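A structural walkthrough
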Amino acid sequence: MNLTDTRAARASCGNLRAQDTGAFVELNGWVNRRRDHGGLIFLDIRDRDGLTQIVFDPSHPSFAQAERLRHEDVIRVRGRVRRRPAGTENPKLATGEIEVGIEALEVLNRSEVPPFPVNTQDDVEESLRLQYRYLDLRRPRLQRNLALRHRIVKSMRDFFDRRGFLEIETPMLIKSTPEGARDYLVPSRLHPGTFYALPQSPQLLKQILMISGFGRYMQIARCMRDEDLRADRQTEFTQVDVEMSFCSQEDVMEVMESCMRDVWKRALDRELPIVPRLTYAEALARYGSDKPDLRFGLELADVSALFMNTEFVVFASALTAGGAVLALRYPGGASLSRRDFDALTELAKMHGAKGMVWAALGSDGTKSSATKFLSEEVVAGLRSACGAQVGDAILLFADERASVFPVAGKMRLEVGQRCGLRSGDDAFCWVTDFPYLELDEESGRPVPAHHPFSAPHESDWELVESDPLSMKAQHYDLVLNGFELGSGSIRIHQAERQRKIFAMLGMSDEQVEARFGFFVRALEYGAPPHGGMALGIDRIVMLACGEENIREVIAFPKNQVGRDLMMDAPTAVPERLLADLFLRSTAPITEE
RNA sequence: GGCGCUGUAGCUCAGUUGGUUAGAGCGCCGCCCUGUCACGGCGGAGGUCGAGGGUUCGAGCCCCUUCAGCGUCGCCA
């Protein structure tokens, strides 16, 4: 670029360096901050890549214009890159060695005074951020998170492409099936009184793609479930959805683990250690959860044997009913007050505990809420069982086994949180050998723990009629830092076996035909053995970003009650639109 | 649907036992300032204390109801 050239080189606001000195450049962006010295104006212009300082000298015609610039005005500047005078460089800025001397300023658009600062990282109430999401998205945090999300998804697509997977889109308007989460429904105009459902996942469609001979499928798939939202759960979310033919469980796990290892390397530049594997039974016994947080130990200890002959009625009755007594170490917990322990007990009850016994191992002896039932031998036994030392506390829970392990597991997370153990490492793990069925609390009937298309272990087929509840599934979860990233399984690929499972679940032939007839028929035409997995991208990105809320990695998330505060959705619609769909609202209050 | 936390200026927050005219920092507006980078200095505007009701001589503060936001349980094959 020579000095007489009037065309400036388009530059980004983050990339100019000392070696660009002398270049004539054009920068487009937003006014991040203006430092007006009266006789000299410094202006930081911002785009996605960063900030560049523009200097306005009062002798330049654009100086008066620059005096009127305000936060978030959109401008185009042209000028010459120059080194900053010695001693005025800004080491905090990537572009801090240079500045651009103004030659031309064009105000492309003015901005209203923003409702919250765009040029800082300061916390702002989230509902305001959501209402003005376009401004929030300009801020560094979301710019960074969404850029990382892009890199993660890109790495995934590249990985599966190298492994021979095809990305195939599946429809958003599909058939509603009553199982699983609540469906989002879309009324059909052409077929009055009937509805499509939005996919909860492309489960059956990807299985059908295997039947169609595609062999290896993946999709970055949008999924919708009409259930209540949480910090780690949106009603609408994204999965990396994978299915492969002629594969074993090992094959799927290898592919998915390699994918995560590759993503971590390429998108985050972090190495994943070997991912440990636990069976469901182990995970529950040691951590009280099927999605254990392995960033810390504090394993649960089954101390039932220590209390076999106890006179403590609570423990004795739990044990005679076939339950268990579990001990949890609370590092440093001996310094807690009675009031602290009472609060902990309340928390445990909130998680479903019948109660909690605590023992504080002080240097001046053991204090406990059940002192007279904790002999010295028992205390010694408890200490060795959970590795507690003087200065720690031990928390004890007793109940039936189905309840006491999850309760103790939740308290383990609480203790881990309080002791600052839930931070740092990427603690992945696999959980395998899930039970095929679980008992539905309402109906008391067996329902699939995952979904009815998963295959049981081959040797468990003989239990379908005799003892279905002890069947194990060829089903595996991938867990990171206590969050379930996703589930997969080897599927049933024979129609008669699929019918057998439906029958076991209490579905009549007519029900099977109405709900899944299309799918069972597809299985009858040469369905290959197949299996797959889906991982929640929002959660993966959340954890990769170190965020504690999934909304921080989604451009336009919904709030806790499913509202889009920027668009103000959902809203009522004109009667005319409902009439087209043969619908009438029965809602008690109709907004205008 | 249950439980918990939060709601005071545009933003982030403070506000004593219930007591005069509700404050601070940032932002905003005006003036001054030629090497700043969270520029600086001087001045100014800006409040339905989420809403409604109650107790009281008197309520930002106490009570009741309600709305909104967040977290959580239920729910999420």
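Below is a short write-up of the structure.

The helix and strand inventory of chain A stands at 16 helices and 23 strands. Expressed along its principal axes, the backbone C-alpha trace of chain A runs to roughly 95 × 75 × 55 Å. Within chain A, buried positions represent 47% of all 592 residues. On chain A, roughly 29800 Å² of surface is accessible, and the fraction owed to carbon and sulfur atoms is 51%. Put simply, chain A has 74 plus and 87 minus side-chain charges, and the middle of one group is 5 Å from the middle of the other.

Turning next to the packing of helix α9 (residues 338-350) against helix α11 (residues 401-418). Packed helices, taken two at a time, are described by the angle between their axes plus the distance between the axes. Between α9 and α11, whose axes approach to 9 Å, the crossing angle comes to 135°. Here α9 lies oblique to α11, going by the angle between them. Regarding α9 and α11, the two cross each other, and that crossing is right-handed. Between α9 and α11, the residues in contact are Leu-344, Leu-347 and Ala-348 and Val-407, Met-411, Glu-414 and Arg-418, respectively. Class assignment for the residues of the contact of α9 with α11 results in 5 nonpolar, no polar and 2 charged.

Taken together, 49 residues sit near RNA strand B, with Arg-33, Thr-88, Glu-99, Glu-227 and His-450 positioned nearest. Among atoms of RNA strand B positioned within 4 Å of the protein, sugar and phosphate together represent 51%. A distance of 2.9 Å separates a phosphate oxygen of RNA strand B from a polar side-chain atom of Arg-551. Breaking the surface near RNA strand B down by element, the ones donating at least two residues are β2 (24-36) and α2 (126-131). Each residue belonging to the surface near RNA strand B can be placed in one class, and the counts come to 14 nonpolar, 16 polar and 19 charged.

Among the secondary structure elements, Val-357 is positioned in strand β15 (residues 357-362). With relative accessibility at 7%, the residue Val-357 sits in the buried group. Along the primary structure Val-357 and Ser-317 are separated by 40 residues, whereas in three dimensions their C-alpha atoms are 15 Å apart. When near neighbours in sequence (up to four residues on either side) are disregarded, Val-357 contacts Phe-312, Phe-315, Ser-368, Ser-369, Ala-370, Ile-394, Leu-395 and Leu-396.

Our focus in this paragraph is the packing of aromatic side chains. Under the counting rule described, the total for this entry stands at 14 aromatic pairs. Judged by centre distance (4.6 Å) and plane angle (20°), the rings of Phe-312 and Phe-373 are stacked. Of this pair, Phe-312 sits in the loop between β13 (301-302) and α8 (313-320) while Phe-373 sits in the loop between β16 (365-368) and α10 (376-386), and the two are 61 residues apart along the sequence. Relative accessible area serves as the criterion here: at 15%, Phe-312 is assigned to the buried category.

Pairing is antiparallel in the open sheet, where 5 strands are placed in the order β13-β14-β17-β15-β16. Of all the strands in the sheet, the pair left with one neighbour each is β13 and β16. With 7 bridges connecting them, strand β14 (residues 324-330) and strand β17 (residues 393-399) associate as antiparallel partners. Bridge pairing in β17 places Leu-326 opposite Phe-397. α9 rests against β14, β15, β16 and β17 of the sheet, and its axis sits at about 35° to β17. In this fold α11 packs onto β13, β14 and β17, with an angle of close to 5° to the strand it touches most, β14.

With that out of the way, let us pick up the sheet that holds strand β12 (residues 277-279). Ordered by their spatial adjacency, 8 strands build an open sheet running β7-β10-β11-β23-β22-β21-β18-β12, and the pairing between neighbours is mixed. The open sheet is flanked by β7 (166-167) and β12, the only strands paired with a single partner. Here 7 bridges tie strand β11 (residues 236-245) to strand β23 (residues 530-536), and the two strands are oriented antiparallel to one another. For Met-244, the partnering residue across the bridge sits in β23 and is Gly-531. Helix-sheet contacts for helix α5 (residues 203-211) involve β10 (216-224), β11 and β23, and the interaxial angle to β11 is about 25°.

Our next topic: helix α4 (residues 140-162). The periodicity of an α-helix, 3.6 residues per turn, causes residues three or four places apart in sequence to face the same way. In this model α4 runs 33 Å from its N-terminal to its C-terminal C-alpha over 23 residues, within 8% of the 33 Å that 1.5 Å per residue would give. For α4, the set of buried residues is Leu-142, Asn-145, Leu-148, Arg-149, Ile-152, Val-153, Ser-155, Met-156, Phe-159 and Phe-160. In the core, the buried residues of α4 are packed alongside α2, α3 (133-136), β10, β11, α6 (249-268) and α15 (537-545). A positive phi of about 85° marks Gly-164, the residue just after α4.

The next thing to look at is the pairing of β2. As paired elements, strand β1 (residues 9-11) and β2 share 3 bridges and run parallel to each other. What sits directly across from Ala-11, in β2, is Leu-27. As defined by bridge partners, β2 adjoins strand β5 (residues 74-83) across 7 bridges and the pair is classed as antiparallel. Paired with Glu-26 across the strands is Arg-78, a residue of β5. Two elements, β2 and strand β3 (residues 41-47), share 6 bridges in a ladder whose sense is antiparallel. What sits directly across from Trp-30, in β3, is Arg-46.

What counts and what doesn't
- Residues numbered from 1 in each chain as written.
- Chains lettered and ligands numbered in written order.
- Predicted model: local features only at pLDDT ≥ 70, side-chain atom pairs only at ≥ 80, totals over all residues.
- Heavy atoms only, no water.
- Helix = DSSP H or I, 4+ residues; strand = E, 2+ residues; numbered from the N terminus.
- Buried < 20%, exposed > 50% of the residue type's maximum accessible area, 1.4 Å probe, protein only.
- Areas by Shrake-Rupley, 256 points an atom, 1.4 Å probe, with all protein chains shown as cover.
- Lys, Arg positive; Asp, Glu negative; His and termini not counted.
- Charge placed at Lys NZ, Arg CZ, Asp CG, Glu CD.
- Axes fitted to C-alpha atoms, helices over the stretch in contact; angles between N-to-C directions.
- Parallel < 35°, antiparallel > 145°, perpendicular 65-115°, else oblique.
- Left-handed = near helix turned anticlockwise from the far one by under 90°.
- Contact = heavy atoms within 4.5 Å.
- Nonpolar A, V, L, I, M, F, W, Y, C, P; charged D, E, K, R; others polar.
- Near = heavy atom within 4 Å.
- Polar contact = N/O pair within 3.5 Å; in protein donor to acceptor, adjacent residues only side chain to side chain.
- Phe/Tyr/Trp six-rings, centres within 6.5 Å; stacked < 30°, edge-to-face > 60°.
- Pairing = 2+ DSSP bridges.
- Expected span 1.5 Å × (residues − 1).

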